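Here is what each chain is made of, one letter per residue.
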Amino acid sequence: MRVIIAEDSALLRDGLRRLLVDEGYTVVDAVGDGATLVESVSRHLPDLVVADVRMPPTHSDEGLRAAVEIRRRWPSIGVLMLSQYVEQRYAVDLLTGHGTRVGYLLKDRVADVGEFLEALARVGAGGTAFDPEVVRQLLRRTTHSDPLTRLTGREKDVLDAMAQGHNNASIAARLHVSQSAVEKHVRSIFDKLGLADAEGYSRRVLAVLRYLGE
Amino acid sequence: MRIWGAVVASARLVWGLAVGALTAVATLAGLAAGGIVLAPALAWPSAREASMHRLARTVLWLAEFERHRLYRLFGDAEAKTYRGYGPERALAYLGVRWPVGLLGGGILLLFVYGAGTIVFFVWYWLTGRYPDNIPPSPWIITYLAVACGFALFLGVQGLIGVVRLERNVARRFLGPTPADLLRVRIEQLSATRADVVAAVDAERRRIERDLHDGVQQRLVALGMLLGRARRSGAAGDEAKSADLLAQAHAESREILDELREVAWRVYPAALDTLGLKDALAGVAERAPIPVTVRYDVPDAPPAPVVTAAYFVVSEAVTNAVKHASASRIEIVVTRERKTMTVRVSDDGGGGADPAGAGLTGLARRVAALDGRFAVISPVGGPTEVRVVLPCA
């Protein structure tokens with residue numbers, strides 16, 4: 001897997017590079033701002049981009065805007081965003097258009113090396129990865145307004161894990177239930193949320209997230 | 001040149017008094033004539049409004065003329081700012097002012113009379129005649145000279161008094177009323193309050209950035225090092241694991257340093273425990289270039305003044321190091337009777353922008369304490385930041 005890292009803190013950029021190299025990724029470039037990131041992506045056409053939301057010169061959402069542009073121009077490149085704090089708009093922005101090969105993690109999650117690598121692998125494999133905290137906040141925001149209130153506690157747990165990007169096998173392992181039970185919950189969730197049967201897994205996650213984000 | 005300037009200023013004052021006397025006569029005549037013409041006109045309601053309007057315009061015009069005279073000929077800078085006094089106050093002003101103007105004119109006439117008498121006597125004596133049949137013996141001349149000097153002194157005092165009286169009358173009737181002053185003060189306070197809120201917000205933003213872009217990044221990097229160490233350990237690579245742990249340990253120390261730095265920038269604890277002098281010494285010690293501190297304040301100023309002074313110095317030193325590439329900095333803090341002055345000067349490249357974020361924040365902080373803030377920084381240097389804070 002060929003990866004480009006975009007992170008303005010030299011310390012963290014170097015740490016990420018070493019971590020990814022340790023794990024067998026090929027880091028083709030490591031840059032420090034949004035404009036350079038887009039330029040580097042156009043030159044190297046990597047498989048994956050790991051980018052900080054906040055980068056120079058404005059230190060606001062430079063990285064996110066670069067990511068949105070990368071997803072528009074090269075939909076096949078996976079993008080994993082790292083953010084200082086939960087910002088729902090960022091998640092929604094990222095999901096607009098193609099809803100796959102995308103992730104949004106809190107920066108602190110990088111310290112949980114295992115979880116971070118797992119999320120990165122998921123995005124690299126064409127899936128999605130959303131920070132549990134992001135999902136929790138999205139769920140909390142909409143819980144008291146609509147069909148979500150009709151979900152049972154178990155179904156909410158399943159939706160939560162699903163929104164983070166886990167597949168049914170992974171959810172079953174996490175919740176200590178059988179895979180068929182998970183499938184049953186998932187079908188029930190889609191029924192309750194009024195979502196039509198869709199073909200791919202990540203498409204369903206996208207649908208859920210979009211639904212939550214609106 | 002200084003003497004010449006004084007002569008010009010005196011001549012201008014005399015000219016101003018002369019003009020004032022003429023306008024006093026004109027005002028008196030105008031008021032009398034206005035009374036005679038207006039009194040019958042007021043009987044007819046149809047004519048009343050028009051005449052009142054004309055009167056108001058004339059009165060305002062005259063008051064404006066006087067105001068201009070005070071500012072131009074008496075050098076009364078305050079008079080320049082009087083406005084919005086309205087026809088009623090202007091009429092009251094003109095009614096009270098004309099005797100003052102006549103008084104000034106009277107004293108000027110006495111001067112002319114005195115000067116004429118002196119010329120007359122001297123001319124007679126030079127041509128060998130005695131105007132009052134008394135020969136000019138040295139005693140007589142001394143007596144007359146002393147009398148003239150005394151009269152001159154009284155006259156000059158009178159003129160100075162009239163000038164002062166003119167100014168006071170104008171201030172009393174045309175100048176801002178206590179309500180006006182209060183309103184101006186309230187506007188000023190509202191502005192500085194809003195500025196302080198903005199300055200506090202800017203500081204919070206800076207602290208947030210210090211935390212998120214500094215400390216948090218380091219903590220994530222630390223976590224990553226520890227995570228990698230654990231993975232290496234689990235994979236059986238003990239040497240690599242130990243190496244990564246050593247790196248993590250070093251990193252944790254750096255984080256502590258950084259955290260201390262940020263906390264210090266938020267509020268230096270030394271201000272409370274050690275006082276301004278030692279806190280400034282701390283600023284000087286931490287600076288990477290030589291900084292000399294001259295602290296000449298006998299007793300401790302009020303806490304808000306201390307805090308403002310500290311942040312001014314701290315920001316100015318940071319700027320000098322970061323932007324002006326200075327090689328030395330001088331900090332001077334002195335205490336006058338009711339104010340404290342802080343000066344920070346460097347030998348750097350100058351060209352500091354007073355509208356920049358940092359300096360604006362300082363200016364607002366100082367303005368909130370009714371202090372004065374100035375940045376003198378020509379391109380090419382040197383730069384001096386000067387702050388005067390009231391310590392009443």
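One can find the structure itself at the top, above this paragraph.
Residues numbered from 1 in each chain as written. Chains lettered and ligands numbered in written order. Predicted model: local features only at pLDDT ≥ 70, side-chain atom pairs only at ≥ 80, totals over all residues. Heavy atoms only, no water.

K.L.:
Sorry, what's going on with the sheet that holds strand S6 (residues 128-130) of chain A here?
P.N.:
Whether parallel or antiparallel, the strands of a sheet pair through hydrogen bonds between backbone atoms. Residue and element names in this part refer to chain A. The strand order across the open sheet built from six strands is S2-S1-S3-S4-S5-S6, with neighbouring strands paired in parallel fashion. The open sheet has two edge strands, strand S2 (26-31) and S6, and neither has a second partner. Ignoring strand direction, the axes of neighbouring strands in this sheet form an average angle of 15°. Alignment of strand S4 (residues 78-83) against strand S5 (residues 102-106), held across five bridges, turns out to be parallel. For Leu82, the partnering residue across the bridge sits in S5 and is Leu105. Of the strands in this sheet, strand S1 (2-6), S2 and S4 touch helix H1 (residues 10-22), which is tilted by about 175° from S2. (Pairing = 2+ DSSP bridges. Helix = DSSP H or I, 4+ residues; strand = E, 2+ residues; numbered from the N terminus. Axes fitted to C-alpha atoms, helices over the stretch in contact; angles between N-to-C directions. Contact = heavy atoms within 4.5 Å.)

K.L.:
Would you mind showing me how to read the pattern of salt bridges here?
P.N.:
Pairing is possible between side chains that carry opposite charge, provided their charged atoms lie close to one another. All names here are of chain B. In the structure shown here, the tally under the stated rule is 35 salt bridges over all chains. Close ionic contact of Asp370 with Arg185 constitutes a salt bridge, the shortest N to O distance being 2.7 Å. With Asp370 in the loop between helix H11 (357-368) and strand S4 (372-376) and Arg185 in helix H6 (residues 178-234), this residue pair connects regions lying 185 residues apart in the sequence. With a relative accessible area of 39%, Asp370 lands in the partly exposed category. Its salt-bridge partner being Arg335, residue Asp299 comes within 3.3 Å of it at the nearest N-O pair. Taken together, the residues Asp299 in the loop between strand S1 (291-296) and helix H10 (303-322) and Arg335 in strand S2 (residues 329-335) connect sequence positions 36 residues apart. A relative accessible area of 43% means that Asp299 is categorised as partly exposed. In this structure, a network of salt bridges that share partners links the residues Glu66, Arg69, Arg97 and Glu166. (Salt bridge = Lys/Arg side-chain N within 4 Å of Asp/Glu carboxyl O. Buried < 20%, exposed > 50% of the residue type's maximum accessible area, 1.4 Å probe, protein only.)

K.L.:
Would you take a moment to explain the packing of helix H1 (residues 2-41) of chain B against helix H2 (residues 45-73) of chain B for this structure?
P.N.:
When two helices pack together, their arrangement is given by the angle between their axes and by how far apart the axes lie. All names here are of chain B. The contact between H1 and H2 brings their axes to 11 Å, and the two run at 175°. Accordingly, the angle class assigned to the pair H1 and H2 is roughly antiparallel. Of the residues in H2, those in contact with Arg12, Leu13, Trp15, Gly16, Val19, Gly20, Thr23, Thr27, Leu38 and Ala41 of H1 are Ala47, Arg48, Ser51, Leu55, Leu62, Phe65, Glu66, Arg69, Arg72 and Leu73. Counted by class, the contact of H1 with H2 contains 10 nonpolar, five polar and five charged residues. (Parallel < 35°, antiparallel > 145°, perpendicular 65-115°, else oblique. Nonpolar A, V, L, I, M, F, W, Y, C, P; charged D, E, K, R; others polar.)

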